[in-house]
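If you want the building blocks of each chain, they are given just below.
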There are 2 protein chains.
Amino acid sequence: MKKKDLDERKKKVLQAIVEEYINTAEPVSSGSITKGHGLDYSSATIRNDMAQLENIGFLDKPHTSAGRVPSAEGYRYYVNELLKDDNLTLEEIKYIQYKLKVKVNEIEDLTKVATTTLSEITHYTTVAVGPKADKQIIEEIKFVSLGQRMLMVVIVTDTGLVKETIIKFDEDITESQVDTLNNLFNTRLRGKPLSKIDKPMADYIFSEVHYSIGIMKAIIEQINRIVEEENNNIFLEGAKKSFDLPEFKSMKVAKNFVNLLDTKDEMLEIFNSGDAEDINVFIGDDDENSNLKDFSIITFKHTIGDKDLGTIGIIGPKRMDYAKVISVMKYISKKLNEDNNKKEGM
Amino acid sequence: MKKKDLDERKKKVLQAIVEEYINTAEPVSSGSITKGHGLDYSSATIRNDMAQLENIGFLDKPHTSAGRVPSAEGYRYYVNELLKDDNLTLEEIKYIQYKLKVKVNEIEDLTKVATTTLSEITHYTTVAVGPKADKQIIEEIKFVSLGQRMLMVVIVTDTGLVKETIIKFDEDITESQVDTLNNLFNTRLRGKPLSKIDKPMADYIFSEVHYSIGIMKAIIEQINRIVEEENNNIFLEGAKKSFDLPEFKSMKVAKNFVNLLDTKDEMLEIFNSGDAEDINVFIGDDDENSNLKDFSIITFKHTIGDKDLGTIGIIGPKRMDYAKVISVMKYISKKLNEDNNKKEGM
DNA sequence: TTTAGCAATCATACATAAAGAGTGCTAAAG
DNA sequence: CTTTAGCACTCTTTATGTATGATTGCTAAA
């Protein structure tokens, strides 16, 4: 049997098992889904279907007499083929609207509000990751002198991202030198993507400036450094909520979760790999030995028009309420885009 | 018996128990400390002392036949009276020197390096909390226009802290207005502490500016907002390390830990309450029902001269290696101050 | 004051048994 | 051919009892 062409009843059985397991966190027995979920068969019939669903890899059996649990494959089929994702209550919709109406001045704030709201409604841990630096356009680059031998550099991009750093020198800097720097870097870099200053550009800058090479080198080096260290701006909300979930009774799961949030690498990879247009669902592989084994991550890109404002996502157990999460995300994503296109048009 | 006047042997017994428990995480029996730790008595003698130490509240008994465990009181006595805190190895000293020698341009970076190093050497979770805003002096306040109706405000303080925000308006702003703003705010606020703009100051500003009240109101409101939201800059390092400790086998402990880091309030209170001059040791109360019950927090203020650069601390189990942690902290604290006074003198 | 000796206490580990849940298979019914 | 009833089988869970070992508290002697 091909995986894709399940007959109608098997689809219903799989769906019933996934939904039941999402609710109870207990393996689902054939007896418990004879009625409801659009099904009305004897447990023996369900058992037969379950055996076949297990054969094609959609279900797992913890042990002989324990009922079935969806496999990663099973979850994927459920998410892709069986999910009905329009189940927000009116209260939830109103709450989201209320929260997103808040007056924000920085896009970062809006992302945080959205992330917090998402966590409140879904009761899962949510994460916001800043946009990739190199996709952004430099709108302003400003040098401000701090004392004689210190300089602050502020770079502002079109998405409202602000990067700043302080550079120290071994020699004095005059105000007129600062003016020159402001002129030079602004005329050269404004409108360009926020990426490292390459060799030709550095050479050009050197050729234009008549004073200390040491200062210029330090500046370029430091700018390249802050441009490179992207995505350090991770915002985490509701980590403790995850610890109330039954899967966190297992120390191993809890530890993997903390590792995931502490190390960040694996998590970031998934956050950055998603498709820009869509809600992306990552379901941890069953067999893998990674920290992600027991978790699912669902992300979407926060965008206004074609500007990438970062990624917002949820980390939860594989037994996640996909329907709910995806519904909420779709709604929030739509709202974010709507409201801000309005504001942009001013 | 008064708590303070333990005879010499009882002191040694208490010390032996604390140190043994720190090493093994197992209740300490009378038999296991008959030799070593400067003791050479029979288990019966030790037992008598242990019974009395328990009476005055320095030891606890998990159950009748389980050996003894230090109480919070016991730890406190140990830390205050019995601790010998000079046990860094040469390798550790060299490693710290090597790490702190790194060239940093922002004080925030230095704090991070110190925090990371502290975590590496002690194997505990470390936390850095930014300095209190109102203790800092405004060194520069800069308005940068972003498009017609957006303005960025950057405030730099004497400790190198940078606060910035973006303000949106309903009307246009001209370059000359921005210049006026820069002049006005800099002459008025530079050298002042980073605190909210009060009524008289606001009134003065209003009286000086001839255009839109709406714009000025928005600016002052927003500046007050970012000044108020202090300590959002918490830097966490090595959370996963804690999960390797035996006490984290208990789900309750693990959950409290995550709550602590996620909610931040309780933790911040302790971080901000410490004495500026000293290493501060907080030991969770035995009976209390708080998230902190099972943990100890050790902090010190990162300062250069009299500038407060924030607080660096460790969160670990009550069974923490106090001697080691305090030694490392003292050393790092000294080094930070030394090196930077040198750099300051340029 | 210190110590040896010993009964008493309690957690832990282990073995065994009983109960319960759920499956897989077979054969009958629809 | 599909569905269902029936039942043996498997495996987990829980309870119970028992043995074991660690450690203490007390007493009496050194």
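Keep in mind that this is a model prediction, so the values were computed, not measured.

Asks: Which residues make up the relation of the copies chain A and chain B, and what are the values?
Replies: Superposing chain A onto chain B takes a rotation of 180° combined with a translation of 0.0 Å along the rotation axis, leaving an RMSD of 0.1 Å. Read as a symmetry element, the transformation amounts to a two-fold axis. Closest approach to the rotation axis within chain A is made by the C-alpha atom of M251(A), at a distance of 3.6 Å. With an isologous cut-off of 70% or more, the 100% of interface residues of chain A that recur at the interface of chain B puts this contact in the isologous class.

Asks: Provide a residue-level description of the side chain of N224(A), including the pertinent values.
Replies: All names here are of chain A. Tracing the backbone shows N224 in helix α8 (residues 213–228). Residue N224 is classed as buried on the basis of its relative accessible area of 12%. Other than its neighbours up to four places away in sequence, N224 contacts K196 and I197.

Asks: I'd love a proper account of the packing of aromatic side chains, names of residues and values included.
Replies: Evaluation of the coordinates by the stated rule reveals 19 aromatic pairs over all chains. Seen from their ring centres, F58(A) and Y77(A) are 5.0 Å apart, and the 35° between their planes marks the pair as tilted. Of this pair, F58(A) sits in the loop between α2 (43–55) and β3 (59–60) while Y77(A) sits in helix α3 (residues 72–82), placing them 19 residues apart in sequence. Under the relative-accessibility criterion, F58(A) is labelled buried at 2%. On the basis of an interplanar angle of 50° and a centroid distance of 6.1 Å, the ring pair of F248(B) and F295(B) is categorised as tilted.

Asks: Please give an account of the confidence of the model for chain A that cites residues and values.
Replies: In the predicted model, chain A carries a mean pLDDT of 89, and 95% of its residues have values of at least 70. Highest mean pLDDT in chain A belongs to strand β4 (residues 69–70) of chain A (97); lowest belongs to strand β6 (residues 138–146) of chain A (82).

Asks: Can you lay out the packing of helix α1 (residues 8–24) of chain A against α3(A) for me, pointing to particular residues and giving the numbers?
Replies: Residues and elements named next belong to chain A. Put simply, α1 and α3 touch, their axes get as near as 10 Å, and they point 110° apart. Taken together, the axes of α1 and α3 are roughly perpendicular relative to one another. The two elements α1 and α3 cross, and the hand of that crossing is left-handed. When α1 is examined against α3, the residues K11, L14, Q15, V18, E19 and Y21 are found in contact with a partner set consisting of G74, Y75, Y77, Y78 and L82.

Asks: Help me get a handle on the nonpolar core, residues and values and all.
Replies: Of all hydrophobic cores here, the largest spans 141 residues; its most connected members are L14(A), Y322(A), I332(A), L14(B), Y322(B) and I332(B). The contact partners of L14(B), leaving out residues within four places of it in the chain, are L6(B), L53(B), F58(B), L59(B), G74(B), Y77(B) and L82(B). With 31 residues, the next largest nonpolar core counts V153(A), I197(A), I205(A) and V227(A) among its residues.

Asks: I'd like a rundown of the environment of I46(B), residues and numbers included.
Replies: Residues and elements named next belong to chain B. If you trace the backbone, I46 turns up in helix α2 (residues 43–55). Residue classification places I46 among the buried residues on the basis of a relative accessible area of 0%. Considering only alpha carbons, one finds I46 and V13, 33 residues apart in sequence, at a separation of 7.2 Å.

Asks: How would you explain the protein's contact with DNA strand C if you had to name every residue and give the values?
Replies: Close to DNA strand C lie 21 residues; S30(A), R47(A), R9(B), T45(B) and T64(B) are nearest. Taking all atoms of DNA strand C within 4 Å of the protein, the share assigned to sugar and phosphate is 76%. Measuring from a sugar or linking oxygen of DNA strand C, one finds a backbone N or O atom of S65(A) at 3.4 Å. For the surface near DNA strand C, the leading source of residues is α2(B), giving four residues. Residue composition of the surface near DNA strand C, by class: five nonpolar, 11 polar and five charged.

Asks: Account for the protein's contact with DNA strand D, naming residues and giving values.
Replies: Inspection of the region around DNA strand D gives 20 residues, with R9(A), T45(A), T64(A), S30(B) and R47(B) positioned closest. R9(A) places a polar side-chain atom, nitrogen or oxygen, 2.9 Å from a phosphate oxygen of DNA strand D. The side chain of K61(B) places a nitrogen or oxygen atom 3.1 Å from a phosphate oxygen of DNA strand D. For the surface near DNA strand D, the secondary structure elements donating two or more residues are α2 of chain A together with α2 of chain B.

Asks: Provide a residue-level description of the interface of chain A and chain B, including the pertinent values.
Replies: The interface is formed by 41 residues belonging to chain A together with 41 residues belonging to chain B. For the pair chain A and chain B, the two sides together bury roughly 3,600 Å², of which 57% comes from carbon and sulfur. Two residues, D244(B) and K255(A), come together in a salt bridge whose shortest N-O distance is 2.6 Å. Counting the contacts that link chain A with chain B gives 10 residue pairs in polar contact (both at pLDDT 80 or more). Mapped by element, the contributors of at least two residues to the side of chain A that touches chain B are β6, β7 (150–157), β8 (162–168), α8, α9 (239–242) and α10 (251–263) of chain A. The greatest single-element share of the side of chain A that touches chain B, amounting to seven residues, is contributed by α10(A).

About the criteria used
- Residues numbered from 1 in each chain as written.
- Chains lettered and ligands numbered in written order.
- Predicted model: local features only at pLDDT ≥ 70, side-chain atom pairs only at ≥ 80, totals over all residues.
- Heavy atoms only, no water.
- Least-squares fit on C-alpha atoms with pLDDT ≥ 70 in both.
- Contact = heavy atoms within 4.5 Å.
- Helix = DSSP H or I, 4+ residues; strand = E, 2+ residues; numbered from the N terminus.
- Buried < 20%, exposed > 50% of the residue type's maximum accessible area, 1.4 Å probe, protein only.
- Phe/Tyr/Trp six-rings, centres within 6.5 Å; stacked < 30°, edge-to-face > 60°.
- pLDDT = per-residue confidence, 0-100.
- Axes fitted to C-alpha atoms, helices over the stretch in contact; angles between N-to-C directions.
- Parallel < 35°, antiparallel > 145°, perpendicular 65-115°, else oblique.
- Left-handed = near helix turned anticlockwise from the far one by under 90°.
- Core = buried A, V, L, I, M, F, W, Y, C linked by side-chain atoms within 4.5 Å.
- Near = heavy atom within 4 Å.
- Polar contact = N/O pair within 3.5 Å; in protein donor to acceptor, adjacent residues only side chain to side chain.
- Nonpolar A, V, L, I, M, F, W, Y, C, P; charged D, E, K, R; others polar.
- Buried area = accessible area lost by both parts, 1.4 Å probe.
- Salt bridge = Lys/Arg side-chain N within 4 Å of Asp/Glu carboxyl O.

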